[in-house]
Amino acid sequence: MSSIDRMAAPALAPGRGTGSPRARFALGAALLGFFVITLDALIVSVALPSIGKDLGGGISGLQWVVDGYTLMLAALLLSAGAISDRIGAKRAFGVGLAVFLVASAACGFAPSLPVLVIARFVQGGGAAVMMPATLALIREAYPDARARTGALAIWAVGGSVGSAAGPLVGGALAGWDWRWIFFINLPVGVVALALLAKAAASPRRVVPFDLVGQVSAVLALGAVTYALIEGGQYGFAGPWILVALGAAVVALVVFLVDQARNRHPMMPLDLFRSRPVVAALVAGFALNFGFYGVTFLFSLYFQSFRGMSALATGLLFLPMTVQTAGVSFASGPVTRRFGAKPTMIAGQLVMGAGLLVLFLLPATTPVWLVALLLMPVSLGGSLAVPAMTGLMLAAVPAERVGLASGVLNTFRQFGGALAVAVYGVLVAGPAFATGMRTGLIGAAVLLAATAAIGLARARRS
């Protein structure tokens with residue numbers, strides 16, 4: 001049972017009633033926390049050329065700047081709920097946010113690319129601890145289901161605004177000094193900590209922590225990402241690349257054996273017996289692969305291939321990111337009208353079609369038109385993600401809702417990390433345009449294949 005699921009059981013401390021001041025303080029802290037977590041997943045992409053000019057490192061180094069954060073967020077989400085249970089949601093959020101802010105400052109002051117990458121790993125770890133704690137804080141503060149639904153809608157605004165603001169804010173700040181894309185977290189984080197201090201204390205629970213599973217998950221995901229990023233620079237036949245691939249296989253086997261034998265696994269393997277769960281997981285992976293990959297790819301394309309400034313690049317992403325926030329709000333009524341699975345599959349197909357259109361564009365296409373044609377990519381993702389989440393959570397027992405959410409977000413974040421690794425390999429070197437087209441068609445095929453899985457399972461049902 002996850003931290004979120006257990007929060008409903010014990011009696012709540014005074015001051016946590018619906019609409020109480022302490023509840024609003026907890027909600028405000030959770031909203032700001034979710035905002036900076038989402039913001040930092042996307043704000044870096046537009047600033048990559050500026051970081052590369054200042055610190056060097058080549059395309060592989062810039063890939064690590066993005067993937068260091070996303071990889072740790074993906075791997076540690078599996079056990080972050082247990083951490084929140086053991087020390088209490090309020091303390092877990094505070095510790096995670098403090099780590100996140102210290103790492104953000106370290107990123108901003110980084111004298112070299114290796115220091116920046118290490119700080120990004122730490123930052124991703126802090127974000128992973130914060131993420132489930134934001135939801136747990138809301139669950140504790142709003143025991144009434146109706147009030148909690150409204151609070152969660154407000155919380156979701158933080159993620160939507162973070163997604164929409166990321167490329168634009170990143171472009172604006174990178175045009176001045178890229179280091180401010182990390183310093184901007186500090187005032188937001190300080191306000192969140194001040195709000196958290198006024199929230200009610202959280203209960204602690206004795207829950208198992210799967211150390212073997214967590215370590216093996218980090219090693220497996222990290223080794224695969226290392227092999228792809230470094231293999232693109234040094235060749236996939238290199239001895240260290242082969243060692244990394246071998247380590248990934250061994251770590252994956254250890255993880256699967258541990259999950260099969262452990263009485264309290266982080267990722268129960270029987271989840272994969274559910275067809276809706278499998279359809280949601282592969283859809284989540286493919287959708288993030290497409291969205292994160294496109295953001296990374298076109299950030300480089302606009303600046304390195306078309307000569308746009310960082311600010312202009314951020315503005316070119318504005319139609320896509322603003323639409324993401326708007327469609328996310330409309331996805332709920334659409335899902336209720338047509339059902340979760342049809343809405344999810346439709347979103348996958350729309351994103352795939354958008355990627356196919358980008359693949360077919362001639363090199364002389366005006367950049368403003370390219371910016372508009374990025375919109376179907378975000379339209380499909382914004383339509384599919386809420387429906388995909390609802391599909392998965394409806395397919396698991398109530399006591400597994402939090403656990404299933406962690407598994408789904410791990411698949412999604414790893415899809416984004418893998419996209420950056422793969423796209424970076426494809427566009428490294430002089431054949432940028434060819435690599436970009438290969439990446440776009442590959443992501444479109446992946447989305448079509450995962451949509452077909454959902455369609456096939458729907459017919460069988």
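Residues numbered from 1 in each chain as written. Predicted model: local features only at pLDDT ≥ 70, side-chain atom pairs only at ≥ 80, totals over all residues. Heavy atoms only, no water.

### Section: the overall build of the chain
Within the chain one finds 17 helices and 0 strands. Radius of gyration (C-alpha) of the chain: 21 Å, near the 23 Å computed for a compact globule of 461 residues. Each principal axis of the C-alpha distribution contributes one length, and for the chain these read about 65 × 55 × 45 Å. Scored against the burial criterion, the 461 residues of the chain give a buried share of 56%. Contacts in the chain between residues at least 24 apart in sequence constitute 85% of all its contacts with a sequence separation of at least 6. (Helix = DSSP H or I, 4+ residues; strand = E, 2+ residues; numbered from the N terminus. Rg over C-alpha atoms; globule rule 2.2 N^0.38 Å. Buried < 20%, exposed > 50% of the residue type's maximum accessible area, 1.4 Å probe, protein only. Contact = heavy atoms within 4.5 Å.)

### Looking at the packing of aromatic side chains
One pass over the structure, following the stated rule, counts 16 aromatic pairs. Ring centres of Y301 and F305 lie 5.5 Å apart, and the angle between their planes is 25 degrees; on these two criteria the pair is classed as stacked. Of this pair, Y301 and F305 both sit in helix α11 (residues 275-305), separated by 4 residues, roughly a single helical turn. Accessibility expressed as a relative area gives 4% for Y301, which makes it buried. Three or more aromatic residues link up through ring pairs in this structure, and these residues are F298, Y301, F302, F305, F317 and F432. Over the ring of F338 we find R337; its NZ or CZ atom is 5.0 Å from the centre of that ring. (Phe/Tyr/Trp six-rings, centres within 6.5 Å; stacked < 30°, edge-to-face > 60°. Lys NZ or Arg CZ within 6 Å of the ring centre and 35° of its normal.)

### Description of the nonpolar core
In this structure, V44, I51, L116, F298, F302 and L355 are the most contacted members of the largest nonpolar core, which totals 131 residues. With 20 residues, the single largest contributor to this core is helix α2 (residues 21-55). Setting aside chain neighbours within four positions, we find L355 in contact with V294, V377, L440, A443, A444 and L447. (Core = buried A, V, L, I, M, F, W, Y, C linked by side-chain atoms within 4.5 Å.)

### Description of α11
Taking 1.5 Å as the rise per residue, α11 with 31 residues should run 45 Å; its terminal C-alpha atoms sit 43 Å apart, in good agreement. Looking one or two places after α11, you find G307, whose phi comes out positive at around 70 degrees. (Expected span 1.5 Å × (residues − 1).)

### Digging into the environment of A371
Mapped onto the fold, A371 is located in helix α14 (residues 367-373). Ignoring any residue separated from it by four or fewer positions in sequence, one finds A371 in contact with F302 and L316.

### Regarding the pattern of salt bridges
By the definition in use, this model includes 2 salt bridges. Two residues, D40 and R120, come together in a salt bridge whose shortest N-O distance is 3.8 Å. A residue pair is termed long-range when its members are at least 10 positions apart, and D40 in helix α2 and R120 in helix α5 (residues 113-141) qualify at 80 residues. Just as D40 is buried, R120 falls in that class too. (Salt bridge = Lys/Arg side-chain N within 4 Å of Asp/Glu carboxyl O.)

### Points about the confidence of the model for the chain
Confidence in the prediction of the chain, expressed as mean pLDDT, is 83, and 91% of residues score 70 or more. Within the chain, the element-level pLDDT minimum falls on helix α1 (residues 3-6), averaging 34, and the maximum on helix α4 (residues 89-109), averaging 93. (pLDDT = per-residue confidence, 0-100.)

### Considerations on helix α3 (residues 58-87)
Three or four residues apart is the spacing at which side chains of an α-helix point the same way, because the helix has 3.6 residues per turn. Over its 30 residues, α3 runs 41 Å from end to end, which matches the ideal 44 Å to within 8%, given 1.5 Å per residue. The largest bend in α3 is about 55 degrees, located at L77. In terms of residue burial, α3 counts as a mostly covered element, since 24 of its 30 residues are buried. One or two residues past the end of α3 sits G88, with phi positive at roughly 95 degrees. (Bend = angle between axes of the 7 residues up to and from the residue.)

### Some remarks on the side chain of Q348
By secondary structure assignment, the location of Q348 is in helix α13 (residues 340-360). Classification of Q348 as buried rests on a relative accessible area of 0%.

### A few points about a nonpolar patch on the surface
Taken together, the side chains of V95, V99, I118 and V122 make up a nonpolar region of the molecular surface, amounting to roughly 310 Å² of accessible area. If you list the elements that add at least two residues to the nonpolar patch, you get α4 and α5. (Patch = residues over 30% accessible without salt bridge, like charges linked within 9 Å, V, L, I, M, F, W, Y side chains within 5 Å. Areas by Shrake-Rupley, 256 points an atom, 1.4 Å probe, with all protein chains shown as cover.)

### A few points about the packing of α13 against helix α15 (residues 375-394)
Their axes nearest at 7 Å, the elements α13 and α15 cross at an angle of 155 degrees. What the angle tells us is that α13 and α15 run roughly antiparallel. In the crossing of α13 with α15, the sense of the turn from one axis to the other is left-handed. Facing α13, whose interface residues are A340, K341, T343, M344, G347, Q348, V350, M351, G354, L355 and L358, α15 presents P376, V377, L379, G380, G381, L383, A384, A387, M388 and L391. (Axes fitted to C-alpha atoms, helices over the stretch in contact; angles between N-to-C directions. Parallel < 35°, antiparallel > 145°, perpendicular 65-115°, else oblique. Left-handed = near helix turned anticlockwise from the far one by under 90°.)

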